[in-house]
Amino acid sequence: MLLIPCPWCGPRDEAEFHYGGQAHIAYPDNPAALSDEEWARYLFFRDNPKGPFAERWSHTAGCRRWFNVVRDTATNEIHAVYRVGEPRPVTA
Amino acid sequence: MSGQPYRREGATGKTLRFRFDGRDYEGLEGDTLASALLANGVRAVASSIKLGRPRGVYAAGCEEPNALVQIEEPFPEPMLTATTVELYDGLVATGLPGQGRLADRPDPARYDAVHAHCDVLVVGAGPAGIAAAGVAARAGARVILADERPAPGGSLLGTTETLDGRPGHEWAAAEVAALEALPEVRVLRRTSVIGHYDDNYVIAVERRTNHLGAAAPAHVARERVWRIRAKRVVLATGGHERFVAFAGNDLPGVMLAGAARTYVNHYRVLPGRRAVVFTTNDSAYAAALDLADAGVEIAAIADVRQAPGETWAARCAERGIELLTGHVVTAALGEGEVSSVRVAPRGDGQAREIPADLLLVSGGWTPVVHLFSQAGGTLRYDEGLGAFVPGEIRQAVEAAGFARGVTTLRGCLEDGAQAGRRALAAAGFAVPSETSVPAAEEEPAAAPAEHLWLVEAPGDDDYGAHFVDLQRDVTVADVLRAVGAGLSSVEHVKRYTTAGTAHDQGKTSGLLTSAVVAHALGVDVGELGTTTFRAPYTPVSFAALAGRDRGHLHDPIRVTAMHEWHVAHGARFENVGQWKRPWYYPRPGEDMEAAVLRECRAAREDVAAMDASTLGKIDVVGPDAAVFLDRLYTNMMSTLKVGSIRYGVMCRADGMVFDDGTVIRLADDRFLVTTTTGNAAAVLDWMEEWLQTEWPDLRVSCTSVTEQWATVALVGPRSREVLARLAPGLAVDNDSFPFMTWREAEVAGIPARICRISFSGELAYEINVSSWYGLALWEAVMASGEVTPYGTETMHVLRAEKGYPIVGQDTDGTVTPQDLGMEWIVSKKKADFIGKRSFARADTSRPDRKQLVGLLPEDPGVLLPEGAHLVETSSLPEPPVPTLGFVTSSYRSAALGRTFALALVSRGRERIGERLYAPVGAELVPVTVTSHVLYDPEGARRDG
Amino acid sequence: MSPETQGRRTPGADLPDHPDRLWRPAEPKRAYDVVIVGGGGHGLATAYYLAKNHGITDVAVLERGWLAGGNMARNTTIIRSNYLWDESAGIYEHALKLWEGLEEDLGYPLLFSQRGVLNLAHSLQDVRDSVRRVNANRLNGVDAEWLTPEQVKEVCPIVDISPDVRYPVLGGTYQPRAGIAKHDYVAWGFAKAASDLGVDMIEHCEVTGLDVRDGRVTGVRTTRGAIAAGKVALAAAGHSSVVAGYAGVSLPVQSHPLQALVSELLEPVHPTVVMSNAVHVYVSQAHKGELVMGAGIDAANSYRQRGAFHIIERQMSAALELFPVFARAHVLRTWGGVVDVTPDASPIVGLTPVENLYVNCGWGTGGFKATPGVGWCYAHTVATGEPHPLNAPFSLDRFTTGKLVDEHGAAAVAH
């Protein structure tokens, strides 16, 4: 049970949140212009690093806001929390 | 009854009666089952799992490897350690041969869970833990002190050590009572900390009424799970003594030296009359002397070292105890229990047999590092201690006292106090300038221990009774065989031999197993390492973890405002997600089929009503609401006029149908969206995700209003007439109130929004009122006595006759709108919407996709099972048989006067008119493929 | 000990012993025809069938830890083939048929017990999905039956079929040929058999890089040095993304912790395997008597072989819904593995954009049951350079065409 620092509500138990996978995957500007391969990348391919990972969480049982987290998937340590639209912060 | 022959003189307390293995005994209040059995001279408590050897009490705590018992009364509970079962009047237990037995009746006890937060969690109320808690608590920190035993004191409970001049256990009791009086301190007794997770999330289980037996009050939770989030954790978890591998080291009468000391001092029980002591270190001497002082004859002490501590040697000499230095025990001997002990000098020399009924063993002490390791800490091998001790850790956790290898009482107190100071600082409290710890007696200077794991046998074939894991009957011979088979990892040896996998999870044997493997491989145990420590530290009942989330509390039950009426009128219910929905309303003598045919007929021929309140309802509001909905739905929503309603489908980005429902335009910037009952939360999540993460520029907000509205669907050719009566102020004629529009009016005197939509194909209205008035509205609709209530089953039949799919029943996440015959709802005008790009993929545009069609069994009385498959041929070839598709919905239709089905069939629309076969049991049922719209294809009826 | 306890059986005496010799520990050579990355069940089975079916014995299995110490050592050992889609039924049924002769083939006792698997239905839609799956199974030659609640109770008397349960049992599917096996025995059986045929088992050898030249893989970098390879076959489960990434190949998989647990040893109460999707439970009673139970996966990606505790708590409340008799059983040990999950809950087995580099991953929570089947097909793929017909549908390019094999909805619990 991670302790996730929601940028709006403060630290809360992981069970209050919904996980949203990799952050910074933008919906393509013009899907019709993409090849099937490019569209497949958008639909199905996400990074899966062992180490720091910028990911999305939503505080579904709280403020219901989406935000981003940099978490190390090897240790579960949270390095940074930031709002949607902000760039990924530099972390150690 | 012989009155506890092994009870020490002067032991006092209330007498308790219990029964073990069919015999009646007495014990004293404060006993464990193990101490009470020892007091009665019961040596063999259980038998071993594989070899069936008798086994006795070996330890005095949760690390017990041998004395496994089954509780029979007051309620059956499988496999507990006799050393942790507190004795109570009326306890009935039996010794186990390896397997426990579950009760054959429901557990009447309650269980619950509590969340707790603290600045400092201290695990273990021994000297170090109490010292740490004291420092933190007196500085005002929120402290939780948890200990698995009924009383605080830890190691002090089993010794005769003094602190500030009084018995150590008295100091512990007084100090903990003083701390408990502080407002921010919580002391959890009988509470085992079983798991240490990320971000200092710690799980503990409190046994609240177990020790009361049949007198346990029914309203108090028997066990309680504590979910603790701590800023800082101090692990003062102490150590477990370990044994040495020698022949017969499993015989009843062999016991860990520290455990024997606890039985004598704490439980006032003599574990035997005449003892031999076998040790690798100084700690067993204190045990030997305490036993001697209590009247146990110490026949000899065999110390593997040439030079034990001088003070200890002198004390033995004072009491005339024979000290055999440089000796080992080569065998414990006896039939079913120890009757003599064979000792021999190390290397060459004459062995001798010493008659004894008790053999105390100390192979050294292992710090309890389970929680530290679970918390992600590394371990390092400490040569001096001959054990793994805590190393580095990322979390805000530290070990204190013996748990990190501090061996003296004075050292543990000081170490605990320091840990308390560091915890204070880390939790943001002012650290007091000084902290004091109670004065401990001077302890004899320690002589180094020698880490002997294994007493060598004459030959490799003679290790069959050198046990390393008592509970799994694993011997040195087994370990040697595993290594001989080519295994070199402790994990492999564990799996080959099963060592360490039993009830005790290797608490006394894990390190010994590693050491014997290392010995066999010729490597160092520190280098070889140990197996992983996994939660729980001690076994925890399923029921405790399930807590109160059982039965009706397993998952919330949602009901509509009209629920009471449905119950009162005999509705049968269907679970739809968390909702209870009326399924059908059988009248006396009706089965489901008859009831549904009647309800259908009422809807098609007369007037009927359904509680449609469970449909998801979302307010979508803001200047960009129309743009937003255009992106979500496959069809155009921005062109919808205020006052009108449009049906819509939404897809996931992969082009597969996700949900459907109606969109009502309430104002230019305001829509009400309905969703399927099961998907309401998912659709709201979906909307918020897109708005917040992709389109934050859109000025739109979404609010669930499912619970705020109650909805009655009024259906049938006479629905207009009934509505007109209920809403005299509303113009209900077709021109004033056309199909796919909504109006506001009072219905039965209740302000309502009425939508003229139809999921049945009939003339129909959905009347929405504040859910506070839901029941009143429903009762008003029903009051005339003309309106037939119908449930979900009838709703399903009516919509299927019209070919309207149900998302989740006629779709399964692999179906596109085109597959459903809904090309018309996929906008060609919009540049993009979610899912559009996917329709152009090779597979999604494949011509042989499964398409929704109707099926008419050739025998109109035959009802196809939903889930039946369809094949082309009238006889089945050998499998695998190619399937064309399957039946998604199948009903008896009152309107059609026959059975029919919907199905997803490959190239289905091309096959209309073809005959296919549905294998049902051993038969192949012929069916004809038709359009999926079977009733009123022109749509004349809904216009009334 | 009383006279009556002395007469009781010794339940631990029933298990067959492992053989006196297992695999031959090997030092890495400088080059192999085939290097298999990952010494779990799939890697070992692939090595065995490469040697046995294709005569390719110059093979190394590289394992970063101890052999079969990953998910192979951590799963709940359920074996079944009652999957919904034809593609899935094909490969899982092939596996089940191999299981049925595997003890003899490997000459190793695997404790393969065909005690059947029940998949319970708790809603009307569950019932429809289950009947659909039973019918699909039968057409595919997979044994399957639909059982009423009363019949469920006959197969497994401890299941609570009363209406008091929050989500009552409305029936279940039953595959009699399904069952369990002992995972270590299976892994070691394959390892020993492959080793006997000449395959090198190399432990504590972590792959740290893949050498790719002109679009073709030529070898692996490891913590024990570089090893040249004619072909490289990945079988790294939860670490597949990391390893494939060394060759610039991205995979549509995400790694999540999955937990399981065992109880103490109990007298036999549970004769079959029960799985439920709606009330999330899968449980069997293993040979020595412990209840073996799987929990759900953690939502967030992680490579920690450890899950969150609330998942275990939920698992227990689900277990007691269906099996109230378990109330006072005890959780003895929990553990976690890292599973690689694909978008359609089906595996990826086949070629990659890099020549001579093959991938087998994405088995999610259910790879154990496929072990012999995937070993057989993957060996064929590696040996011939072409997918076996049974794994052809599980190609990487299905994510581009959209021809997914979506086992999410209708396959009950995907374990």
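Residues numbered from 1 in each chain as written. Chains lettered and ligands numbered in written order. Predicted model: local features only at pLDDT ≥ 70, side-chain atom pairs only at ≥ 80, totals over all residues. Heavy atoms only, no water.

### Thoughts on the overall build of chain A
Part 1 of the argument: If you tally the helices and strands in chain A, you get one helix and six strands.
Part 2 of the argument: Ordered by position from the N terminus, the helices and strands of chain A form the series β-β-β-α-β-β-β.
Part 3 of the argument: Taking the principal axes of the C-alpha coordinates as reference, chain A spans close to 40 × 30 × 20 Å.
Part 4 of the argument: Counting only residues that meet the buried cut, chain A has 47% of its 92 residues in that class.
Part 5 of the argument: For chain A, restricting intrachain contacts to residue pairs at least 6 apart in sequence, the fraction spanning at least 24 positions comes to 44%.
Part 6 of the argument: Counting every atom, chain A has about 4200 Å² of accessible surface; 49% of that belongs to carbon and sulfur.
Part 7 of the argument: Positive and negative side-chain charges in chain A, numbering 10 and 12 respectively, have mean positions lying 5 Å apart. (Helix = DSSP H or I, 4+ residues; strand = E, 2+ residues; numbered from the N terminus. Buried < 20%, exposed > 50% of the residue type's maximum accessible area, 1.4 Å probe, protein only. Contact = heavy atoms within 4.5 Å. Areas by Shrake-Rupley, 256 points an atom, 1.4 Å probe, with all protein chains shown as cover. Lys, Arg positive; Asp, Glu negative; His and termini not counted. Charge placed at Lys NZ, Arg CZ, Asp CG, Glu CD.)

### Comments concerning the sheet that holds strand 38 (residues 670–675) of chain B
All names here are of chain B.
Part 1 of the argument: Ordered in space as 36-37-38-35-39, the five strands form an open sheet in which the pairing is antiparallel. With partners counted over all chains shown, the strands left at the sheet margins are strand 36 (645–651) and strand 39 (701–704), one partner each. This sheet shows a mean twist of 30 degrees between the axes of neighbouring strands, independent of strand direction. (Pairing = 2+ DSSP bridges. Axes fitted to C-alpha atoms, helices over the stretch in contact; angles between N-to-C directions.)

### Considering the sheet that holds strand 5 (residues 145–147) of chain C
Part 1 of the argument: Taken in spatial order, the nine strands line up as 31(B)-16(C)-12(C)-15(C)-14(C)-13(C)-4(C)-6(C)-5(C) in an open sheet, and their pairing is mixed. Two strands close off the open sheet at either side, each with one partner strand: strand 31 (540–541) of chain B together with strand 5 of chain C.
Part 2 of the argument: Examined bridge by bridge, strand 5 of chain C and strand 6 (residues 171–175) of chain C share three bridges and lie antiparallel to one another. Across the sheet, the residue bridging to C:Trp146 is C:Thr173, located in strand 6 of chain C.
Part 3 of the argument: On top of the sheet, helix 8 (residues 309–322) of chain C reaches strand 4 (117–121), strand 12 (254–265), strand 13 (273–276), strand 14 (281–285), strand 15 (290–297) and strand 16 (330–341) of chain C; it is set at about 125 degrees to strand 15 of chain C, its chief contact.

### Concerning the pairing of strand 40 (residues 709–715) of chain B
All names here are of chain B.
Part 1 of the argument: In terms of residue burial, strand 40 counts as a mostly covered element, since six of its seven residues are buried.
Part 2 of the argument: Looking at chain direction, strand 40 and strand 43 (residues 764–770) are connected through seven bridges and run antiparallel. Looking at strand 43, one finds that Ala710 is bridged to Val769.

### A look at the pattern of salt bridges
Opposite charge on two side chains permits pairing when their charged atoms draw close.
All names here are of chain B.
Part 1 of the argument: The tally for this structure, following the rule as stated, stands at 78 salt bridges over all chains.
Part 2 of the argument: As a salt-bridge pair, Arg846 and Asp848 come within 2.6 Å of each other at their nearest N and O atoms.
Part 3 of the argument: Counted as one network, the salt bridges with shared partners bring together Asp606, Arg718, Glu721, Arg725 and Glu786. (Salt bridge = Lys/Arg side-chain N within 4 Å of Asp/Glu carboxyl O.)

### Digging into the interface of chain C and chain A
Part 1 of the argument: On the side of chain A, 22 residues touch chain C, which itself brings 25 residues to the contact.
Part 2 of the argument: When chain C packs against chain A, the two sides together hide about 1900 Å² of surface, and 55% of this comes from carbon and sulfur.
Part 3 of the argument: For the interface between chain C and chain A, the tally reads zero salt bridges.
Part 4 of the argument: Across the contact surface, chain C and chain A share 14 residue pairs in polar contact (both at pLDDT 80 or more).
Part 5 of the argument: Counting only elements with at least two residues in the side of chain C that touches chain A, the list comes to helix 7 (240–245), strand 12, helix 8 and helix 10 (398–401) of chain C.
Part 6 of the argument: At three residues, helix 8 of chain C tops the list of elements feeding residues into the side of chain C that touches chain A.
Part 7 of the argument: Along the lines of polarity and charge, the residues of the side of chain C that touches chain A split into 13 nonpolar, nine polar and three charged. (Buried area = accessible area lost by both parts, 1.4 Å probe. Polar contact = N/O pair within 3.5 Å; in protein donor to acceptor, adjacent residues only side chain to side chain. Nonpolar A, V, L, I, M, F, W, Y, C, P; charged D, E, K, R; others polar.)

### Quick look at the interface of chain B and chain C
Part 1 of the argument: Residue-level contacts link 106 residues of chain B with 84 residues of chain C.
Part 2 of the argument: At the boundary of chain B with chain C, total buried surface from both sides reaches about 8200 Å², with 56% on carbon and sulfur atoms.
Part 3 of the argument: Between the two partners, chain B and chain C, sit seven salt bridges.
Part 4 of the argument: A salt bridge links C:Asp184 to B:Arg495; its shortest N-O distance comes to 3.1 Å.
Part 5 of the argument: Scanning the region where chain B abuts chain C turns up 38 residue pairs in polar contact (both at pLDDT 80 or more).
Part 6 of the argument: In terms of residue class, the side of chain B that touches chain C is made up of 45 nonpolar, 37 polar and 24 charged.

### Some words on the packing of aromatic side chains
Part 1 of the argument: Under the criterion given, the structure shown has 41 aromatic pairs over all chains.
Part 2 of the argument: Ring centres 6.1 Å apart and planes at 85 degrees place the aromatic pair B:Phe542 and C:Phe326 in the edge-to-face group. Within this pair, whereas B:Phe542 is found in helix 13 (residues 542–546), its partner C:Phe326 is found in the loop between helix 8 and strand 16, the two belonging to separate chains.
Part 3 of the argument: Summarising the aromatic geometry, the rings of C:Tyr108 and C:Tyr185 are spaced 6.3 Å apart at their centres and angled 90 degrees between planes, so their arrangement reads as edge-to-face. Of this pair, C:Tyr108 sits in the loop between helix 3 (86–106) and strand 4 while C:Tyr185 sits in helix 6 (residues 183–196), and the two are 77 residues apart along the sequence. Assigned by exposure class, C:Tyr108 and C:Tyr185 land together as buried.
Part 4 of the argument: Through a chain of ring-to-ring contacts, three or more aromatic side chains come together here, namely A:Tyr27, A:Trp39, A:Tyr42, B:Phe628, B:Phe658, B:Trp686, B:Trp690 and B:Trp695. (Phe/Tyr/Trp six-rings, centres within 6.5 Å; stacked < 30°, edge-to-face > 60°.)

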